[in-house]
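Descriptive analysis of the structure
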Amino acid sequence: MKTIPAADITRINHALPFWLSLALVPVAVVSALWGGWWVALMPFASWGMFSLLDAITGRNTNNADLETPESGLQWYRAITLIWFPVQFALLVWLLYYVPRADHLGMIESIMIFFGMGVISGTIGINYSHELMHQKSAVERWLADLLLASVLYSHFRSEHLRVHHLYIGTPRDPVTARYNEGFHRFFPRVLWQSVVSSWKAEKAMLARRNLAPTHPSNPFWRYAALQIGMLALAFTLGGWVGLGLFVYQAVVAIWQLELVNYIEHYGLTRRHLGDGKYEHVMPRHSWNADHRASNWLLINLQRHSDHHYKPDRRFPLLQTYTAEDAPQLPYGYPIMTTAALFPPLFKRVMNPRVRDWRRKYYPDITDWHAYNKALNPAPR
């Protein structure tokens, strides 16, 4: 493990691999224009190709110099800034073109918008995650627009107001419990994340002596943006376009929650008593330093550092050795696919969770309350 000097990090050639996400756009266009078996190209190009590239390129255990100035990260920031216009243009074109394309049958149309959901979930929501953590109003607005395009605007409130504060505790819906399969996790988190994000914003307003209906509640903005997206989809493609738009949003949300599921599976913070928990450390998130999938996901897999230092921009996120953070055996594309088959996923991950517990918490012998989220909620 070595540190890459700031002078190297700021060069464009270090940033360009993170622009590979743009290659998925022509794949989506080709699948719509040609139809047939080409509609299956998107899942392969995203999940399959980057898993193959992970096997070829291996792991990247180098870390960027943390003294790299913000001004030197412009080529990294640029891909996140241009992504909403790119994704939005693709979505608008597909909503107009696909319902009118005589060469596309119903199954082909559904598969094309499955591919669109892969783009808007794997790339779009991921980039919105990077943008929502920034102080710039422009970046936060871009995050809101990306989330509105998948009808999941409350994710911003849930992520910033709930997940980062309560990760690894019973108050965080997104922390997957030990031995909880994804197909149980998914419906639970869909409902609980809406409730928890609303409660978090309501509490924020209450501290300012404001009612939940106050115009500053971001849920008003969320609703307006999502209604606007639904109206646009109907205008462009009629009822078929509206249905396909909602379908790609569901696929994108499914993609997001698959990632959420594997990022913290079975990892909990020690309860110190009286509703108090230990501070968040790198050991409370699964780390993955697989090179190619981190290009696609702009270092999201360096998740241990993201939760340890949430304000770091993605090119500066650090990786950790197995001594400091638990490690996923494969990158996210393979791990999220495994999560769809709970017996397989548990066979791979449960022994790792048990090893993690023995390593960091050898004094805890009864994990029942942690497994079932029965410890007191954080104060």
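Everything discussed here concerns the structure shown above.
Definitions and limits used
- Residues numbered from 1 in each chain as written.
- Predicted model: local features only at pLDDT ≥ 70, side-chain atom pairs only at ≥ 80, totals over all residues.
- Heavy atoms only, no water.
- Salt bridge = Lys/Arg side-chain N within 4 Å of Asp/Glu carboxyl O.
- Helix = DSSP H or I, 4+ residues; strand = E, 2+ residues; numbered from the N terminus.
- Buried < 20%, exposed > 50% of the residue type's maximum accessible area, 1.4 Å probe, protein only.
- Core = buried A, V, L, I, M, F, W, Y, C linked by side-chain atoms within 4.5 Å.
- Contact = heavy atoms within 4.5 Å.
- Phe/Tyr/Trp six-rings, centres within 6.5 Å; stacked < 30°, edge-to-face > 60°.
- Lys NZ or Arg CZ within 6 Å of the ring centre and 35° of its normal.

Applying the stated criterion to the full structure yields 14 salt bridges. Here Asp 144 makes a salt bridge to Arg 221, at a shortest N to O gap of 2.9 Å. Within this pair, whereas Asp 144 is found in helix H7 (residues 137-148), its partner Arg 221 is found in helix H10 (residues 218-263), the two being separated by 77 residues in sequence. Its relative accessible area of 25% is what places Arg 221 among the partly exposed residues. Salt-bridge contacts for Asp 355 lead to Arg 358; the nearest nitrogen and oxygen are separated by 2.3 Å. Of this pair, Asp 355 and Arg 358 both sit in helix H14 (residues 342-360), 3 residues apart, which is roughly one turn of that helix. You can call Arg 358 exposed: its relative accessible area is 54%.

So, on to the nonpolar core. One broad rule of soluble globular proteins: the nonpolar side chains tend to lie buried together. The biggest cluster of nonpolar side chains holds 95 residues, and the ones touching the most others in it are Phe 113, Tyr 261, Tyr 265 and Phe 345. When residues in this core are grouped by element, the largest group, 17 residues, is from H10. In this view, Tyr 261 contacts Ala 176, Glu 180, Gly 181, Phe 182, Phe 185, Ala 339 and Phe 345; residues no more than four positions away in its chain are not counted.

Turning to the packing of aromatic side chains, a few remarks are in order. For any pair of aromatic rings, geometry is given as the distance between the ring centres together with the angle between the planes. Applying the stated rule across the entire model yields 26 aromatic pairs. For the pair Tyr 178 and Tyr 265, a centre-to-centre distance of 6.5 Å together with 35 degrees between the ring planes defines the contact as tilted. Pair noted here: Tyr 178 is in the loop between helix H8 (155-166) and helix H9 (182-207) and Tyr 265 is in the loop between H10 and strand E3 (271-273), with a separation of 87 residues, a long-range link. Comparing Tyr 178 with Tyr 265, the two get one shared label, buried. An angle of 45 degrees between the planes, with centres 5.1 Å apart, marks the rings of Tyr 261 and Phe 345 as tilted. Residue Tyr 261 is located in helix H10, and its partner Phe 345 is located in helix H14; the two are separated by 84 residues in the primary sequence. With respect to class, Tyr 261 is no different from Phe 345; both count as buried. The rings of Tyr 178, Phe 182, Phe 185, Phe 186, Tyr 261, Tyr 265 and Phe 345 are connected pair by pair, giving a single aromatic cluster. The ring of Tyr 178 carries the charged tip of Arg 357 above its face, separated from the ring centre by 4.7 Å.

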